Amino acid sequence: MTTTVSERAWIGKDLKRREDPALLMGTVTYINDFKVAGMLHAAVLRSPYAHARIRAIDTSAARALPGVQAVLTGKEAAEVIGPVPAFCAEPVVEHAIAVEKVRYAGEAVVAVAAESRAIAEDALDLVEIDWEPLPAVTDVLSAMQPGAPLVHENLGTNVVYDHVFTFGDVDGDFAQADHVIRRRLRWPRATAAPLEPNGAVCAYDPARGTMEIWSNTNMLNSASWVMSSMLKIPPHKLNFYPMYTGGSFGSKHFLAKVIGIAGALSKVTGHPVKFMEDRLDNLMANDSQGPERIYDAELAVTNDGKFLSLRLQTIDDYGAYFIFAITGNTNMMAQITGPYTIRSVATGIKAVLTNKNQQTVFRGAGSDVGNWVLERLVDAAAEQLGIDRVEIRRRNFIQPDQFPYKIPTGNVYDSGNYPGVLDLALAHFDLDAWRQEQARARQEGRYLGIGLATAQQRSTYSSTEFWFHNPAPATGLNSTPESVRISVGPTGGVTVTMFSPFWGNSPETVVAQVVAEELGIDPRDVNVTYDSTAHALPSAGPGGSRMTVMLAGAVHGAAARLKEKIFKIAAHMLEASVSDLELVGGQVRVKGVPSSSVSLADIGMRAYWFKLDLPPELESGLEGTFTYDHPYTTKPHEDRKDLGVFYPIMGHAAHLVAVEVDIETGAVLFKKYVAVHDVGTVLNPRSLQGQIRGGIAQGIGLALLEEVRYGADGQNLTSTFVDYLLPSASDVPSIEVYHQETPSPFTAYGVKGGGEGGRMVAPPAVTSAIEDALRPFGISIAEMPITPEKIVRWVKEAQSRRSGQTH
Amino acid sequence: MKPARFRYFAPHTITEATQLLDEQGDEARLLAGGQSLLPLLNLRLARPSALIDLNEIQALAFIHPRDGGLVLGALTRDATLERDPLVAARQPLLVEAAHYVGHPAIRHRSTLGGSLAHADPAAELPAVMLALDAAFTLQSSTGSRTIAAAAFFKGPFQTALQHGEVLTEIHLPGLPPRSGSAFLEFARREGDYALAGVAAVISLAEDGTIAQARLALCSVGPAPLRAAAAETVLQGRHPDEAAWQAAAEAVVSELKEPPSDIHGSADYRRHLAGVLTRRALALAAQRAERSHS
């Protein structure tokens with residue numbers, strides 16, 4: 001039974017995050033703070049070459065250094081651990097420490113365990129490697145050429161995946177179109193770059209054959225069976241402990257290489273071993289680089305601005321390995337047609353391997369790219385047809401009465417009110433005033449621009465997206481459960497246990513609010529804790545904006561089970577019938593007779609220590625557990641003409657942005673930023689706003705600053721924060737965030753996930769604003785980051801084109 | 001990211017420091033604020049045999065008035081420069097430029113002398129020293145000498161400091177009346193290394209023309225540079241847009257080979273140097289006029 005909005009005591013309340021005091025007081029333990037007795041420290045020697053064969057490695061001097069306990073080459077490590085687990089069906093094999101050849105600059109070649117990290121690094125200085133450098137491929141177009149150096153010789157090609165998906169009558173719709181908008185667009189390689197890099201402490205017990213693992217992986221419960229084959233230890237003999245995570249953004253899903261390295265060294269030394277990435281390790285080899293794509297994108301449009309069909313062809317630079325296959329491309333098929341009634345889609349995907357650190361998933365997971373590509377086409381259509389950018393979007397929105405709405409790929413959008421979100425954004429932005437200000441500024445030779453994006457933010461992933469692109473998948477996984485346990489102790493205290501770790505968001509706040517709602521208690525009285533995998537219930541962990549939805553569902557279910565027992569005990573104590581009871585303010589009472597009540601403490605004590613006074617069929621103890629499965633997912637059709645429902649909990653946002661561009665320096669200054677998000681029922685406005693602002697900051701970073709760069713020789717040119725430019729406080733404007741609430745019909749309380757939305761919508765909005773500022777020069781922006789140097793160059797080129805025309 | 005082994009000393013006097021420099025030999029390095037040196041150590045790009053930490057030498061941290069100008073101890077923190085009323089009154093250019101050095105946390109450690117001795121071509125303060133005609137006192141165990149800023153900066157991370165010498169004092173002559181200054185730079189983000197930076201000082205004559213213009217740039221060459229040709233162009237002219245434009249063109253043509261990297265090509269830096277020169281000169285002249293009114 002779900003409470004209705006008006007009855008809710010705690011859901012939707014703007015409470016302070018309960019995680020913050022511990023984080024601010026420094027009382028939580030991050031992996032780098034963690035120590036166990038006898039622990040050694042690891043350091044890793046990384047390849048100076050992007051592509052090279054390892055002829056020989058001499059580690060004798062390193063081994064002889066006092067304080068060094070073990071030195072492992074890739075070959076030696078392969079005797080104690082297997083390859084890194086991969087979800088791809090293609091035979092692309094990766095080792096935590098490279099064997100025989102390296103495929104990107106920064107790939108691990110030797111690992112050392114020593115009494116201190118400094119000694120371990122001293123030892124790395126003493127390793128001698130005989131290299132045979134090979135030509136590197138760093139550009140997808142060259143990598144696709146016949147005769148290009150092969151990243152994986154066994155594949156016979158660098159094009160590891162190549163397929164065109166067609167949904168609906170694309171050719172027919174394009175034939176009917178009055179206009180075809182065409183753009184070649186480039187999305188830059190970015191990386192998650194959390195403040196805290198990846199780390200693990202692995203403790204192998206040779207007597208028991210067990211390994212205990214403390215790490216900042218997000219995917220504890222998936223990790224044990226996934227990592228078992230690599231560590232060569234059965235899953236039930238691995239115990240993963242949850243740690244507080246200092247940011248993930250998708251980059252800490254498995255950490256297989258970090259756990260593999262620490263695990264191998266622990267097996268060899270018999271000591272616990274910590275391997276903590278430093279910034280160089282993380283930026284060169286964290287396996288969390290985002291997509292790097294070239295798109296040929298086409299939108300079929302009628303004279304009155306109706307979008308009929310979308311045709312995309314992408315070449316995507318996946319880097320040197322392929323652990324999540326083409327997830328970055330399948331993900332965006334959940335919302336490929338955006339908030340618009342586009343009736344057919346073709347999307348061609350060429351995944352190409354190069355000598356770079358591999359692409360996996362990073363906040364948005366490819367749907368960020370899809371939004372930018374689509375919104376670029378929509379802006380271009382508005383420009384080409386002479387229709388206002390707001391108006392053309394209105395004409396194509398799916399209307400509120402059309403939900404649930406099935407898009408051509410087969411995914412279903414649960415609910416939405418897109419015109420409502422846009423209206424709210426316009427009301428807060430004051431578009432007319434900004435247009436006047438823009439006209440006035442242009443008289444003074446200043447360039448103001450107004451940007452708009454209206455885009456989707458899918459949430460609550462289903463694991464079918466990892467394999468449905470493949471007719472013969474390596475796995476056919478289709479569960480993504482999440483569980484909690486709620487216990488009421490003998491004195492009435494309520495504890496909620498989660499089985500996924502804290503990954504930087506607000507899971508404790510969310511869980512406490514929902515439990516408080518269900519038990520009629522104060523969320524500040526709820527204790528929230530985490531448990532290790534040895535004690536865990538099924539849990540898939542954070543990813544794909546799912547945890548708020550999944551935890552809310554799990555708590556809702558667990559509370560119902562708990563309440564059943566509470567009511568049974570209370571009924572026994574009050575000598576009343578269960579149907580006559582209600583739970584209010586932590587008291588169970590007979591409806592209409594407030595004086596006849598028992599507290600949770602009374603019930604708890606009875607449940608734990610007075611078995612003879614319980615109803616005879618009840619066991620001692622008072623807890624409710626629940627495993628919440630994905631609220632709505634279906635399998636893909638055999639022919640893949642319909643991918644099934646895999647990301648139906650669909651949020652939406654409208655961003656309106658005003659910028660001023662200094663055309664002499666290329667500087668971009670934000671004047672106003674309004675973001676309206678609809679992610680269903682809001683559990684906590686404050687934590688959601690934080691998520692949205694943080695996401696927008698990352699989106700601004702992508703639009704203006706961030707890019708992983710490789711030299712032609714494959715050297716990583718952005719391996720420190722001097723060169724990989726994250727937005728800082730002075731680069732991010734004050735952002736006004738507003739919520740519209742269109743509940744999901746499929747989830748507990750109607751919540752949707754909001755974790756990635758800010759980053760998924762900011763890039764097209766910012767691009768649109770800068771393009772609008774530069775409209776007097778006729779500049780069409782087709783790439784990011786939009787650096788000051790590019791702006792200056794585009795303006796100069798436009799000016800010289802103009803003067804060429806007038807002469 | 002841990003440094004290779006080194007010996008560590010923390011002397012309390014300049015004499016002890018120079019003795020240690022002599023004893024520890026060529027591979028010893030002086031440590032001031034550490035904001036450039038420590039990352040180099042951690043990346044093992046620098047592997048000194050010994051670090052001689054100057055932070056305990058109280059006698060190196062001072063700001064004194066002298067002859068209408070200033071004398072500053074080499075250990076003066078950038079955060080102090082930003083806030084000191086005497087510096088603000090006599091050399092506001094230093095206050096303005098110090099604000100561009102990194103971020104507040106960095107400026108609370110980083111020092112004026114450290115920045116000058118490190119001589120990063122992208123650093124702001126060396127260019128400011130050129131524009132202000134600064135002179136430096138260099139002390140060794142055998143005595144001390146004074147050298148003009150113009151003779152001090154030799155190239156990227158190269159100075160006239162000999163082994164055994166410590167930069168101890170920075171002398172800044174006072175500005176003539178009717179002077180104004182400005183520092184402008186452009187970086188990808190606030191606190192980043194500048195892609196180009198300009199320090200400008202304009203001194204006006206009685207008749208309102210430019211009596212003297214001093215202009216120095218950072219991050220557009222192997223060392224901070226004084227734009228002599230542009231200064232000549234400005235001499236005696238009326239302070240107006242045309243003058244700034246002429247000076248900017250002189251600066252741009254004076255730049256030989258600005259550095260080029262992923263944050264900005266040589267062409268773009270040259271372009272920025274012109275734009276910033278124009279803007280900095282206009283601002284400095286405006287301030288010079290205001291100082292008179």
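Scroll up a little and you will see the structure.
Residues numbered from 1 in each chain as written. Chains lettered and ligands numbered in written order. Predicted model: local features only at pLDDT ≥ 70, side-chain atom pairs only at ≥ 80, totals over all residues. Heavy atoms only, no water.

## Observations regarding the overall build of chain A
Within chain A, the regular secondary structure consists of 20 helices and 28 strands. Principal axes of the C-alpha set define a box for chain A whose edges measure 100 × 70 × 50 Å. When each of the 807 residues of chain A is scored for burial, the buried share is 64%. Within chain A, contacts between residues separated by at least 24 positions form 79% of all contacts whose residues are at least 6 apart in sequence. Carbon and sulfur atoms form 52% of the exposed surface of chain A, whose accessible area is close to 27,700 Å². In chain A, 72 positive and 90 negative side-chain charges are present, and the distance between their average locations comes to 2 Å. (Helix = DSSP H or I, 4+ residues; strand = E, 2+ residues; numbered from the N terminus. Buried < 20%, exposed > 50% of the residue type's maximum accessible area, 1.4 Å probe, protein only. Contact = heavy atoms within 4.5 Å. Areas by Shrake-Rupley, 256 points an atom, 1.4 Å probe, with all protein chains shown as cover. Lys, Arg positive; Asp, Glu negative; His and termini not counted. Charge placed at Lys NZ, Arg CZ, Asp CG, Glu CD.)

## What about the side chain of T742(A)?
Residues and elements named next belong to chain A. Looking at the secondary structure, you find T742 in the loop between strand 28 (736–739) and helix 19 (757–773). Take T742: its relative accessible area is 15%, and that puts it in the buried class. Among the polar contacts listed, one links the side chain of T742 to the side chain of D678, at a separation of 2.4 Å. Residues in contact with T742, not counting those within four places in the same chain, are S415, G416, N417, D678, G680 and K752. (Polar contact = N/O pair within 3.5 Å; in protein donor to acceptor, adjacent residues only side chain to side chain.)

## A few points about the packing of aromatic side chains
Within a pair of aromatic rings, the relevant descriptors are the distance that separates the centres and the angle that separates the planes. Inspection of the entire model under this criterion finds 30 aromatic pairs over all chains. Seen from their ring centres, F136(B) and F153(B) are 6.1 Å apart, and the 80° between their planes marks the pair as edge-to-face. Note that F136(B) is positioned in strand 6 (residues 135–140) and F153(B) in strand 8 (residues 153–155), a separation of 17 residues in sequence. Across the pair, exposure class does not vary: F136(B) and F153(B) are buried alike. Among the aromatic residues, those joined into a cluster by ring pairs are F87(A), F254(A), F324(A), Y461(A) and F466(A). (Phe/Tyr/Trp six-rings, centres within 6.5 Å; stacked < 30°, edge-to-face > 60°.)

## Some words on the pattern of salt bridges
It is possible for side chains of opposite charge to pair when their charged atoms get near one another. Scanning the entire structure with this criterion turns up 71 salt bridges over all chains. E444(A) is the salt-bridge partner of R446(A), the closest N and O atoms lying 2.7 Å from each other. R446(A) sits in the partly exposed class, given a relative accessible area of 24%. D261(B) is paired through a salt bridge with R269(B); the nearest N and O atoms lie 3.0 Å apart. Taking relative accessible area as the criterion, D261(B) reaches 40% and is therefore assigned partly exposed. (Salt bridge = Lys/Arg side-chain N within 4 Å of Asp/Glu carboxyl O.)

## So, the nonpolar core
Residues and elements named next belong to chain A. Within the largest apolar cluster, 180 residues are counted, with the highest numbers of intra-cluster contacts made by L231, F322, Y673, I770 and L774. Here the element with the most residues in this core is helix 11 (residues 367–385); it accounts for 10 residues. Residues lining this core come from more than one domain, with at least three contributed by each of domain 2 (34–134 + 198–276) and domain 3 (145–188 + 291–397). Those residues in contact with F322 that sit more than four places away from it in its chain are C88, E90, V92, V160, Y161, A351, L353 and Q358. Among the nonpolar cores identified, the runner-up in size contains 56 residues, and Y244, V494, A559 and L614 belong to it. (Core = buried A, V, L, I, M, F, W, Y, C linked by side-chain atoms within 4.5 Å. Domains from an automatic or database assignment.)

## Concerning the sheet that holds strand 23 (residues 587–590) of chain A
Residue and element names in this part refer to chain A. Taking strand neighbours across the sheet as the criterion, the 3 strands line up as 22-23-24 in an open arrangement whose pairing is antiparallel. Every interior strand has two partners, whereas the edge strands, strand 22 (581–584) and strand 24 (593–599), have only one. Ignoring strand direction, the axes of neighbouring strands in this sheet form an average angle of 35°. As defined by bridge partners, strand 23 adjoins strand 24 across 4 bridges and the pair is classed as antiparallel. By the bridge assignment for strand 24, V590 is matched with V593. Sheet strands touched by helix 16 (residues 547–574): strand 22, strand 23 and strand 24. Its angle to strand 22, the strand with the most contacts, is close to 115°. Here helix 17 (residues 600–609) sits on the sheet in contact with strand 23 and strand 24, set at roughly 45° to strand 24. (Pairing = 2+ DSSP bridges. Axes fitted to C-alpha atoms, helices over the stretch in contact; angles between N-to-C directions.)

## So, the layout of surface pockets
One simple way to see leftover space: roll a probe sized like a water molecule over the atoms. In this structure, the second largest pocket encloses a volume near 1,000 Å³. In this structure, the second largest pocket is lined by 35 residues; those nearest its centre are A667(A), F186(B), A187(B), R188(B) and E190(B). Among the secondary structure elements, those contributing two or more residues to the lining of the second largest pocket are strand 26 (649–661) and strand 27 (668–678) of chain A together with helix 6 (104–107), strand 11 (179–186) and helix 12 (266–292) of chain B. A per-class count over the lining of the second largest pocket returns 18 nonpolar, 8 polar and 9 charged. The two domains that each donate at least three residues to the lining of the second largest pocket are domain 2 (58–172) and domain 3 (179–292) of chain B. (1 Å grid on protein atoms, 1.4 Å probe; cavity = no way out; pocket = protein on both sides within 12 Å on 5 of 7 lines; lining within 4 Å. Points joined across faces, edges and corners; volume = space filled by probe spheres on them. Nonpolar A, V, L, I, M, F, W, Y, C, P; charged D, E, K, R; others polar.)

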